[in-house]
Amino acid sequence: MIPLKKIIAALEEWAPSAYQESYDNAGLLTGSPDWAVKAVLITLDVTEEVVHEAVEKGANLIVAHHPIIFKGLKKLNGTNYVERTVIAAIKNDIAIYAIHTNLDNVATGVNYKIASILGLERVSVLAPKQGLLSKLSFFVPRENTQTVLDAVYQAGAGKIGDYSDCSFRVAGTGTFVPGAGAHPHIGAQNRKEEVQEDRVELMFPAFLENRVIAALKNAHPYEEVAYYVQALANENQEVGSGAIGLLAHEMTARSFLDFLKERLNIRVIRHTAAPGRMIQKVAVCGGSGSFMLKPARRAGADVLVTADFKYHEFFDAEGQIMVCDVGHYESEVFTKDLLFSYLSEKFDNFALYLSEVNTNPVTYHV
């Protein structure tokens, strides 16, 4: 058994909670981070039946994509399925952890899984998010530059896409006069000093600011570290909504629809008319993705694969793109496999189970 907080740390290293949408309620919903985990049950949704399945399998942690507590609870008396599910989890000492829009928003998350199932190539985030990056600039004696850089790299700074240890430096002369109460690393009190220093700049995810600055100060030789942090408007190419990529070979619309049904193991697709050209550039968005129609059109996608389109929203395709609504559950059920693979790689000392409960509330008569 291992502490729940260790599992949470691993999940949030992959999909940081800072990347969930403002309306979301991902994270630990029941239980304590200090609990020892015996076994984990992985599911798309948490229902009473799923909680009972966890009890039967001896799992005291359920990792779900969708948060069972989403709009908030004002009472717990079992009047609806949400309250009954939470009560069942608490009575059986089962922790529930949801990893929702934060997993949607990271590269290698839900949308990249869908892209992988469809065999898309050259996959990228469809709508990268802005305002998630900061720039750190600091000054350091030249002989200490690499030591300090290694520390801030370790804290998560200096990563750009598939590149790590990214920074820029320029040489210069630093000047200072240590005061009477100072304990300078270089020089003496009340005497002006000139030191050959590097000015170093690098980017980092804004939510890591406290960790990065702590690493900078711990590794820096100076008593007072000169640095500044700037918020950046840059898009974070690794974080955002949806994904887009290319089929290995272009298809007719009819062939693509058949291919989509086979790959996603579905029987029904609601879709708009084909755009009158071959299909090769495919945008995907697991779950409710009508908000991705405009970005998909701007990116030149031939088709958008998603779910939960309303009647009037289909008109917005305007014949320029084929919208394929495959169903919410159907578009995200593979998230269970994604979570199973990740946790299997990270931990090998407790049991992992995929839920056998079909939690899809929608059925089809075909």
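Just so we're clear, the structure is a prediction, and the values are computed from it rather than from any experiment.

A. Here's a closer look at the pattern of salt bridges. With the rule as written, the count across this model stands at 15 salt bridges. The salt bridge involving Glu83 is made with Lys75; its shortest N-O contact spans 3.9 Å. By relative accessible area, Glu83 is classed as buried at 3%. Relative accessible area serves as the criterion here: at 45%, Lys75 is assigned to the partly exposed category. Arg297 is paired through a salt bridge with Glu318; the nearest N and O atoms lie 3.6 Å apart. Of this pair, Arg297 sits in helix α9 (residues 293-298) while Glu318 sits in the loop between α10 (311-314) and β16 (322-325), and the two are 21 residues apart along the sequence. On the accessibility criterion, Glu318 (57% relative accessible area) is exposed.

B. Molecular detail of the state of the cysteines. In the structure shown here, the tally under the stated rule is zero disulfides. Not part of a disulfide, Cys324 finds its nearest cysteine sulfur in Cys285, a span of 14 Å.

C. Just the sheet that holds strand β11 (residues 227-232), in detail. The sheet built from four strands is open, its strands ordered β9-β10-β8-β11 with antiparallel pairing. Among the strands making up the open sheet, the edge pair consists of β9 (168-176) and β11. Averaged over all pairs of adjacent strands, the angle between strand axes in this sheet comes to 25°, irrespective of strand direction. Two elements, strand β8 (residues 133-141) and strand β10 (residues 193-205), share nine bridges in a ladder whose sense is antiparallel. For Phe138, the partnering residue across the bridge sits in β10 and is Val200. The strands touched by helix α7 (residues 209-219) within the sheet are β8, β10 and β11, with β11 carrying the most contacts at an inclination of about 155°.

D. Structural detail: the packing of aromatic side chains. In this structure the tally under the stated criterion is eight aromatic pairs. Measuring from ring centre to ring centre gives 5.6 Å for Phe347 and Phe350, while their planes differ by 35°; the resulting arrangement is tilted. Taking the relative accessible area as the measure of exposure, Phe347 reaches 9% and is therefore buried. Judged by its relative accessible area of 10%, Phe350 is buried.

E. Local environment of the packing of helix α6 (residues 145-154) against α7. It is at 8 Å that the axes of α6 and α7 come closest, and there the two elements cross at 155°. As judged from the angle between their axes, α6 and α7 are roughly antiparallel. When you trace α6 past α7, the crossing you get is right-handed. From α6, Thr147, Val148, Ala151 and Val152 reach across to α7, where they touch Val212, Ala215, Leu216 and Ala219.

F. Representation of the sheet that holds strand β17 (residues 351-354) within the structure. Taking strand neighbours across the sheet as the criterion, the five strands line up as β2-β6-β5-β4-β17 in an open arrangement whose pairing is mixed. Only two strands of the sheet have a single neighbouring strand rather than two, namely β2 (27-30) and β17. Averaged over all neighbouring strand pairs, the angle between strand axes comes to 25°, with direction disregarded. Relative to strand β6 (residues 95-98), strand β5 (residues 61-64) is paired through four bridges, and the arrangement is parallel. Bridging across to β6, Ala64 finds its partner in Ala98. Of the strands in this sheet, β4 (39-43), β5 and β17 touch helix α2 (residues 48-57), which is tilted by about 150° from β4.

About the criteria used
- Residues numbered from 1 in each chain as written.
- Predicted model: local features only at pLDDT ≥ 70, side-chain atom pairs only at ≥ 80, totals over all residues.
- Heavy atoms only, no water.
- Salt bridge = Lys/Arg side-chain N within 4 Å of Asp/Glu carboxyl O.
- Buried < 20%, exposed > 50% of the residue type's maximum accessible area, 1.4 Å probe, protein only.
- Helix = DSSP H or I, 4+ residues; strand = E, 2+ residues; numbered from the N terminus.
- Disulfide = S-S within 2.5 Å.
- Pairing = 2+ DSSP bridges.
- Axes fitted to C-alpha atoms, helices over the stretch in contact; angles between N-to-C directions.
- Contact = heavy atoms within 4.5 Å.
- Phe/Tyr/Trp six-rings, centres within 6.5 Å; stacked < 30°, edge-to-face > 60°.
- Parallel < 35°, antiparallel > 145°, perpendicular 65-115°, else oblique.
- Left-handed = near helix turned anticlockwise from the far one by under 90°.

So yeah, pure geometry; function would need other evidence.
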